[in-house]
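Chain and residue survey
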Amino acid sequence: MSERPRILFVTDLAYPARGRRYCDEDIFLTSRLREDFDLALCHPRDAAALMDGFDAVVVRNSGPVLHHREQYEAFRRRAVERGTPVYNPLTGRGDMAGKDYLPALTAAGFPVIPTVDRRADLALLPPAERYVAKPKDGADSIGLRVVDRADLPGLVRDGLLLQPLVDFRYEVSFYFVDDAFQYALHAPDPARRWELAPYRPSPADLAFARRFVEWNTLEHGIQRVDACRTAAGELLLVELEDLNPYLSLDAVTPRQREDFVAATTASLHRFLAAATATATATGTAAGTIAGAGHLPA
């Protein structure tokens with residue numbers, strides 16, 4: 001590895017995310033990471049072709065994999081074959097591996113919006129006025145449908161998740177770098193998901209979020225734990241974003257933003273050092289420990 005690590009930063013600056021400006025966030029973040037790393041940006045469609053010239057690949061605001069699935073699969077295969085470290089490491093058990101974790105966490109009794117994907121598990125769904133059917137590989141509400149309970153048996157098929165339509169007071173997101181909590185934001189108006197305000201989590205809130213970070217077992221990387229506060233006051237997991245979560249850095253305080261940059265920079269240094277040490281100790285490509293996954297919502 002060179003004295004200054006070379007980072008390929010994967011982002012889609014032109015992706016039209018609803019209520020968010022991917023480009024602003026990644027322009028800011030890369031401007032600060034350049035203080036420690038030699039860094040170049042590329043579109044996710046180009047990552048497989050360009051990655052060989054770099055010490056690691058950082059996947060950030062790259063958009064849903066639905067829009068470039070073939071190119072992503074090629075990138076994933078090449079990263080494993082060439083031993084290129086990928087950050088977040090592709091061993092994540094949350095959205096980067098698809099949304100199968102939601103039915104699994106439901107069955108295991110975790111505090112998550114009840115989710116099933118099999119006819120035999122329909123009884124696990126609580127009574128509700130309406131239900132939601134959404135693709136496991138969906139993003140930004142692509143393919144989401146609101147249905148009646150009578151429709152559920154006909155919707156049980158591969159690639160589809162079924163949930164009750166939860167009456168919640170607000171959504172809240174908890175942001176972590178490695179296992180360290182950084183900040184929390186919430187959307188006071190359920191109809192305006194990306195109009196965010198600062199949120200001061202209680203100890204119980206943080207314990208809730210940490211439970212999912214610990215379950216995910218990622219030693220390095222950025223994670224966002226999305227939850228909703230129900231009308232009854234409990235928190236339920238909505239999603240565990242563990243590959244390229246949008247960070248809403250424009251909604252935090254200047255101090256929080258600086259702390260996040262410092263935490264991410266330190267995390268990347270630790271990640272690269274661990275990858276190098278593993279490669280040296282085993283004589284194998286460091287990135288092969290990353291495994292495989294797919295880009296989430």
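The structure displayed is predicted, hence computed values, not measured ones.

1. A few points about the sheet that holds strand S5 (residues 131–135)
Sheet strands pair by backbone hydrogen bonding; their relative direction is either parallel or antiparallel. Pairing in this open sheet of three strands is antiparallel, and the strands run S6-S5-S7 from one edge to the other. In the strand order of this sheet, the two ends are held by strand S6 (145–147) and strand S7 (160–164), each with one partner. This sheet shows a mean twist of 30 degrees between the axes of neighbouring strands, independent of strand direction. Two elements, S5 and S7, share five bridges in a ladder whose sense is antiparallel.

2. Considerations on the pairing of strand S2 (residues 38–42)
Here is the key point about a regular strand: its side chains alternate between the two faces of the sheet. Both strand S1 (residues 6–10) and S2 contribute to a ladder of five bridges, which runs parallel. Within S2, the residue paired with Ile 7 across the bridge is Leu 39. For the crossover that starts at S1, traverses helix H1 (residues 22–33) and ends in the parallel S2, the hand is right-handed.

3. So, unusual backbone geometry
Here the amide bond leading from Tyr 87 into Asn 88 is cis, since omega sits at 5 degrees, within 30 degrees of zero. Relative to the elements of secondary structure, Asn 88 occurs in the loop between strand S4 (86–87) and helix H4 (101–107). In this structure, Asp 178 takes a positive phi of about 55 degrees despite not being glycine. Position of Asp 178 among the secondary structure elements: in the loop between strand S8 (168–177) and strand S9 (180–187). On the accessibility criterion, Asp 178 (5% relative accessible area) is buried.

4. Describing the packing of aromatic side chains
What the rule picks out here adds up to 13 aromatic pairs. Arranged with centres 6.0 Å apart and planes meeting at 55 degrees, the rings of Tyr 170 and Tyr 199 form a pair that is tilted. Taken together, the residues span a long stretch of sequence, with Tyr 170 in strand S8 and Tyr 199 in the loop between strand S10 (197–198) and helix H5 (203–216) at a distance of 29 residues. Grouping residues by exposure puts Tyr 170 and Tyr 199 together as buried. With a centroid separation of 5.2 Å and 70 degrees between ring planes, the pair formed by Phe 208 and Phe 212 is classed as edge-to-face. With a gap of four residues between them, Phe 208 and Phe 212 both fall in helix H5, about one helical turn apart. We note that Phe 208, like Phe 212, is buried. Within the aromatic cluster, the residues linked to one another by ring pairs are Tyr 15, Tyr 22, Trp 194 and Tyr 246. Cation over ring: Arg 93 sits above Trp 215, and NZ or CZ is 4.1 Å from the ring centre.

Each value, and the rule that gives it
Residues numbered from 1 in each chain as written. Predicted model: local features only at pLDDT ≥ 70, side-chain atom pairs only at ≥ 80, totals over all residues. Heavy atoms only, no water. Pairing = 2+ DSSP bridges. Helix = DSSP H or I, 4+ residues; strand = E, 2+ residues; numbered from the N terminus. Axes fitted to C-alpha atoms, helices over the stretch in contact; angles between N-to-C directions. Right-handed = clockwise from strand over helix to strand, strands pointing away. Buried < 20%, exposed > 50% of the residue type's maximum accessible area, 1.4 Å probe, protein only. Phe/Tyr/Trp six-rings, centres within 6.5 Å; stacked < 30°, edge-to-face > 60°. Lys NZ or Arg CZ within 6 Å of the ring centre and 35° of its normal.

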